[in-house]
Amino acid sequence: MGGEGQPRADPHDDAGPAHGSARGYGGRVTAYAAVVLAGGAARRMGGRDKPALPVGGTPMRERVLAAVADAAPRILVGPADAVPGDVLVTRERPPGGGPVAATAAGLALLPPDTTTVALLAADLPLLTREAVGVLLRALHPEPDEAPSRGHVDDGPDGVCLLDDRGRRQPLCGVWRAAALRDALARLVGRRGGTPDGASMRELLAELRVRDLPWSGSGPPPWFDCDTDSDVRRAEEWTR
């Protein structure tokens, strides 16, 4: 891995749509960033580099990065041998410190003026741009789609997809960056200055989260791969 926070070159990276804008989301342009967490221990898979496992011939982390190809910046937290050239790579401290420590490392690389960030696990091989667009629209609805509120800031701090059992998938969502940063700062303060070992449930406990069932077409974008059988199932969906 190259220097922390530096783009990684990939000669096979193809030029996608212009970065920094998510076009087609409700007829408007919404800039957002993306943080992809790829540093888990994968204990149920023998400690392998799980996000590097292929689904449909493409490593899972690359499939997730492709789903947010119009985000800027895109940040991968975890080990990576080859990623698209515009992706920033960093590591949580200490390595293996858990998803909140990884979230902190990713947020640290965001420009200060970032307003919206997608926070995603790297083992979501069925995630699509369509699903990311649904999440962005739910966080930033058009005026005629938003419920009547006392003032503009009454909306949710984040939107996460629900799985088929109605369980929130906290690493398949989009967030107001300021709210997520503030929640992280409060958590670090409570834990003596470190996010190491904290759970996503603890991080998100004080945030206003909208849970969104998936009603779109195709395979479920929230499907994460924790076991070899999950990978095989995802592979079947991509055929």
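Being a predicted model, the structure only gives us computed values, none of them experimental.

**Focus on the pairing of strand β9 (residues 116-121)**
Two faces make up the sheet, and in a regular strand the side chains alternate between them. With 6 of its 6 residues buried, β9 lies for the most part within the structure. On β9, burial covers both faces: T116, A118 and L120 on one face and V117, L119 and A121 on the other are all buried. Bridge count for strand β4 (residues 33-37) against β9 is 5 bridges, and the pairing is parallel. Looking at the pairing, A34 lines up with A118 of β9. Relative to strand β11 (residues 168-176), β9 runs antiparallel, the two sharing 5 bridges.

**A few points about the pattern of salt bridges**
Tallying each qualifying case throughout the model produces 11 salt bridges. For E206, the salt bridge is made with R186, and the minimal N-O distance between the two is 2.7 Å. Of this pair, E206 sits in the loop between α5 (200-204) and β12 (209-213) while R186 sits in helix α4 (residues 177-190), and the two are 20 residues apart along the sequence. Under the relative-accessibility criterion, E206 is labelled partly exposed at 47%. Taking the shortest distance from any N to any O, the salt bridge between R191 and E202 comes out at 3.3 Å.

**Looking at the environment of M60**
You can see M60 is positioned in helix α1 (residues 60-67). In sequence terms M60 and C225 are 165 residues apart; their C-alpha atoms lie 9.1 Å from each other. Setting aside residues no more than four positions away along its own chain, M60 makes contact with K50, P51, L53, V55, A122, D123, P125, C225 and V231.

**Points about the side chain of T114**
Relative to the helices and strands, T114 is located in the loop between α2 (99-107) and β9. Judged by its relative accessible area of 12%, T114 is buried. If we ignore the near neighbours within four places in the chain, the residues touching T114 are A33, A177 and R181.

**Some remarks on the side chain of R61**
Take R61: it is sitting in helix α1. Classification of R61 by relative accessible area gives buried; the value is 5%. Once residues lying within four places of it in the same chain are set aside, the contact partners of R61 are D49, P51, A52, L76, P79, A80, D81 and A122.

**A closer look at the nonpolar core**
If you look at the biggest cluster of nonpolar residues, it comprises 71 residues, and the most contacted ones within it are V117, L127, W175, L180 and L203. If you tally residues by element for this core, the top one is α4, at 7 residues.

Cut-offs applied
Residues numbered from 1 in each chain as written. Predicted model: local features only at pLDDT ≥ 70, side-chain atom pairs only at ≥ 80, totals over all residues. Heavy atoms only, no water. Buried < 20%, exposed > 50% of the residue type's maximum accessible area, 1.4 Å probe, protein only. Helix = DSSP H or I, 4+ residues; strand = E, 2+ residues; numbered from the N terminus. Pairing = 2+ DSSP bridges. Salt bridge = Lys/Arg side-chain N within 4 Å of Asp/Glu carboxyl O. Contact = heavy atoms within 4.5 Å. Core = buried A, V, L, I, M, F, W, Y, C linked by side-chain atoms within 4.5 Å.

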